[in-house]
Amino acid sequence: MSTSQQTAAANTPAEGMPALAEAEASFRALYPAFASTSQLDEMRASDYARLDAAGHIYLDYTGGGLYAESQVRAHMDLLRDNVFGNPHSTNPTSLAMTRLIEQARDAVLAFFSATPDEYAVIFTLNASGALKLVGESYPFGPDDQYLLTFDNHNSVNGIREFARARGAHVTYAPVIPPDMRIDGERLAASLDLARPGGNNLFAFPAQSNFSGVQHPLEWIERAQAKGWDVLLDAAAFVPTNPLDLSRWHPDFVSLSFYKIFGYPTGVGCLLARKPALAKLHRPWFAGGTITVASVQGDRYYLHEGGEAFEDGTLNYLTLPAVEIGLRHIASIGLDTIHTRVACLTGWLLDALTALRHSTGAPVVRIYGPENTAMRGGTITMNFYDPDGHFIDHRLIEERANEVNISLRTGCFCNPGGGELALGISAEELSTCFVRYTERVTLDDFRRCIDAKSTGAVRVSVGLASTFADVYAFATFARGFVDKRANEM
Ligand SMILES: Cc1ncc(COP(=O)(O)O)c(C=O)c1O
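Source: prediction; values computed, not measured.

Here is what the cut-offs are and how they apply
Residues numbered from 1 in each chain as written. Predicted model: local features only at pLDDT ≥ 70, side-chain atom pairs only at ≥ 80, totals over all residues. Helix = DSSP H or I, 4+ residues; strand = E, 2+ residues; numbered from the N terminus. Buried ≥ 20, exposed ≤ 12 C-beta atoms within 10 Å, placed from the backbone. Contact = placed C-beta atoms within 7 Å. Near = placed C-beta within 6 Å. Nonpolar A, V, L, I, M, F, W, Y, C, P; charged D, E, K, R; others polar. Axes fitted to C-alpha atoms, helices over the stretch in contact; angles between N-to-C directions. Left-handed = near helix turned anticlockwise from the far one by under 90°. Domains from an automatic or database assignment. Core = buried A, V, L, I, M, F, W, Y, C linked by C-beta atoms within 7 Å. Pairing = 2+ DSSP bridges. Arc of directions from axis to C-beta.

1. Points about the overall build of the protein
1) Next: For the protein, the count of helices and strands is 20 helices and 18 strands.
2) Next: Its C-alpha atoms put the protein at 80 × 60 × 40 Å along the principal axes.
3) Next: Of all 488 residues assigned to the protein, the portion counted as buried reaches 44%.
4) Next: For the protein, the share of sequence-separated contacts (at least 6 apart) that also reach a separation of at least 24 residues comes to 73%.

Structural data, given as structure tokens:
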């Protein structure tokens with residue numbers, strides 16, 4: 001199919017569905033706040049015109065945000081009109097670069113309402129890079145604690161390996177399906193595990209990249225009051241929600257900029273509260289992180305604060321693009337983006353949960369809240385046939401690809417969320433881990449848990465999403481009504 005045929009197919013109403021214009025009119029009546037976001041419809045037609053020109057229905061904003069053409073132009077203009085050198089020098093081209101890097105740092109602090117007295121901005125490769133810095137440098141010792149919720153990204157889960165290697169205990173706090181919210185009682189009890197006077201680290205996502213759930217930020221203060229340092233993984237939250245660090249004071253915040261404004265990739269940051277940063281011990285030193293290092297003296301002195309955490313030469317030419325991206329988001333306003341995403345998510349949740357086979361059985365089961373309270377624009381689901389058999393998520397992806405819908409399938413690097421949502425028990429997993437003692441392919445592991453779906457389908461909306469995008473997905477989903485899994 002050509003791309004125009006694909007787009008036409010995605011926007012042709014499935015049986016029983018009103019046409020796009022009619023559906024949009026009733027959506028707008030139901031969600032009047034959407035009208036206040038009309039500047040984003042205009043931007044979609046200009047700054048994001050490539051989506052419609054190529055017939056794309058992009059529904060993977062949790063995977064990666066999209067950049068506006070004007071961001072790229074502004075960055076290219078800057079590079080074309082200036083000469084920038086490696087910022088580790090004091091020559092004119094180097095100083096020009098240093099100025100822009102410091103400007104980018106200030107822009108990050110301002111974007112999150114953080115003060116330079118309280119927080120340091122450490123540029124990293126991505127959110128995972130920020131998380132690894134915390135994991136490898138946090139002073140875990142015997143009987144210290146690493147506590148984390150079940151629905152973390154693997155880059156937060158991975159910190160447990162640093163913790164265990166140094167004798168700390170690792171505890172997972174469950175979230176409860178189907179809404180996938182924190183089990184408050186269990187978490188409160190786990191917070192009592194903090195070792196008095198010890199090093200206790202608690203990590204949770206401000207928004208789950210599996211279920212879209214937003215966990216209450218009040219847990220930050222509650223945990224700190226009980227002796228925990230708090231690592232807030234904000235990667236999935238900050239693209240569509242304001243994070244006000246003058247109101248909330250997590251010790252560490254991890255994020256990737258491409259998730260907020262699409263370009264540049266390869267830059268994230270760790271925002272670290274200065275007293276918490278002072279607790280971290282880097283396991284090595286590198287160019288750029290030291291004031292003095294000696295070969296014969298066999299000693300080194302790390303820089304104060306954030307500089308000790310930026311190894312080697314920063315990806316310096318891209319950093320001005322961070323400031324450009326932040327300015328772009330600020331010019332739209334995060335509240336506007338949030339409102340738009342909430343309206344589109346609400347409509348899509350209603351459309352999906354209302355879908356029924358002629359037997360009355362649901363077509364789609366959602367893992368996460370079915371309304372917009374304390375949730376973001378990430379909707380994760382599986383498709384079921386009239387007999388209640390799941391339809392493999394890989395088949396859903398194949399069909400979506402045919403109509404140029406970009407979505408995500410699998411467990412999205414969030415195995416704990418997936419295991420709880422899909423009802424895969426610790427015993428089942430242990431059996432498979434015993435069977436495969438060495439490396440295993442994902443397909444072989446899947447076959448080991450063959451009676452259940454081992455993954456799901458995720459769609460997510462963002463700043464350039466339109467009603468037509470979510471309508472296309474609802475139309476696509478309706479195409480599975482009365483379809484049997486074994487016939488597909
Ligand atoms: C909640 C969350 N944390 C961390 C990450 C890791 O981000 P990156 O791959 O950019 O390091 C992701 C990526 O999807 C995420 O959604």
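2. Concerning the site of the ligand
1) Next: Around the ligand sit 13 residues in total, of which Asn126, Ser128, His153, Asn209 and Ser256 are the nearest.
2) Next: Per-class residue counts for the shell around the ligand are four nonpolar, eight polar and one charged.

3. Overview of the packing of helix α6 (residues 92-111) against helix α14 (residues 319-332)
1) Next: Where α6 contacts α14, the axes come no closer than 8 Å and their chain directions differ by 30°. Where α6 crosses over α14, the handedness of that crossing is left-handed. Of α14, the residues touching α6 (which contributes Leu100, Ile101, Gln103, Ala104, Ala107, Val108 and Phe111) are Leu319, Pro320, Val322, Glu323, Leu326 and Ala330.
2) Next: A breakdown of the residues in the contact of α6 with α14 according to their chemical character gives 11 nonpolar, one polar and one charged.

4. Observations regarding the environment of Tyr119
1) Next: Mapped onto the elements, Tyr119 comes out in strand β2 (residues 119-124).
2) Next: Tyr119 sits in the buried class, given 26 other C-beta atoms within 10 Å.
3) Next: Each C-alpha atom, one on Tyr119 and one on Ala276, is 9.6 Å from the other, the two residues being 157 residues apart in sequence.
4) Next: Filtering out sequence-adjacent residues up to four positions away, Tyr119 remains in contact with Leu109, Ala114, Leu245, Leu271, Ala272 and Arg273.

5. Focus on the domain arrangement of the protein
1) Next: As assigned here, the protein comprises domain 1 (3-60 + 333-411 + 455-487) and domain 2 (72-331).
2) Next: The straight-line distance from the C-alpha centre of domain 1 to that of domain 2 is 32 Å.
3) Next: Every contact between the two is made by 15 residues of domain 1 and, on the other side, 18 residues of domain 2.
4) Next: Elements with a minimum of two residues in the side of domain 1 that touches domain 2: α15 (334-354) and β14 (378-384).

6. Focus on the environment of Arg365
1) Next: Position of Arg365 relative to the elements: it lies in strand β13 (residues 364-366).
2) Next: Separated by 18 residues in the primary sequence, Arg365 and Phe383 place their C-alpha atoms 6.5 Å from one another.
3) Next: Apart from residues lying up to four places away in sequence, Arg365 is in contact with Met381, Asn382 and Tyr384.

7. Things to note about the nonpolar core
1) Next: Among the nonpolar cores identified, the biggest contains 129 residues, and Leu348 and Phe473 are the most heavily contacted of them.
2) Next: Tallying contributions element by element places α15 first for this core, with 10 residues.
3) Next: Built from parts of two domains, this core gets at least three residues from each of domain 1 (3-60 + 333-411 + 455-487) and domain 2 (72-331).
4) Next: The contacts of Phe473, once residues within four sequence positions are left out, are Leu59, Leu348, Ile405 and Val459.

8. A word on the sheet that holds strand β10 (residues 268-273)
1) Next: With mixed pairing, seven strands are arranged side by side in an open sheet as β2-β10-β9-β8-β7-β3-β4. Looking along the sheet, the strands with just one partner apiece sit at the ends: β2 and β4 (169-173). Each strand axis lies, on average, 15° off the axis of its neighbour in the sheet, ignoring direction.
2) Next: Two strands pair when backbone bridges link them, and β2 and β10 are joined in this way by six bridges, in the antiparallel orientation. By the bridge assignment, Ala120 is partnered in β10 with Ala272.
3) Next: Across the sheet, helix α11 (residues 218-225) lies against β7 (200-205) and β8 (229-233), angled at about 160° from β8, the strand it touches most.

9. Points about α11
For an α-helix the count is 3.6 residues per turn, leaving residues at separations of three or four pointing the same way.
1) Next: Residues Trp219, Ile220 and Ala223 constitute the buried set of α11. When α11 is viewed along its axis, its buried side chains cluster within an angular range of 110° and face the same direction. Facing away from the buried side of α11, by more than 90 degrees, are the exposed residues Glu218 and Ala225.
2) Next: Its buried side turned inward, α11 meets α10 (184-191), β7 and β8.
3) Next: Positioned one or two residues after α11, Gly227 has a phi angle of 95°, which is positive.

10. Side note on unusual backbone geometry
1) Next: Residues Pro177 and Pro178 are joined by a peptide bond in cis, for which omega reads 0°.
2) Next: With respect to the helices and strands, the residue Pro178 is situated in the loop between β5 (175-176) and β6 (181-182).
3) Next: Cis geometry is adopted by the peptide bond preceding Pro264, which originates at Tyr263 and carries an omega value of 10°.
4) Next: Relative to the elements of secondary structure, Pro264 occurs in the loop between α12 (258-261) and β10.
5) Next: We note that Asp143 has phi near 70°; this positive angle belongs to a residue other than glycine.
6) Next: By the element assignment, Asp143 lies in the loop between α7 (127-137) and β3 (145-149).
7) Next: You can call Asp143 exposed: it has 11 C-beta atoms within 10 Å.
8) Next: For Phe412, which is not glycine, the phi torsion reads 60° and is therefore positive.
9) Next: Its place among the elements puts Phe412 in the loop between β17 (408-410) and α17 (415-422).

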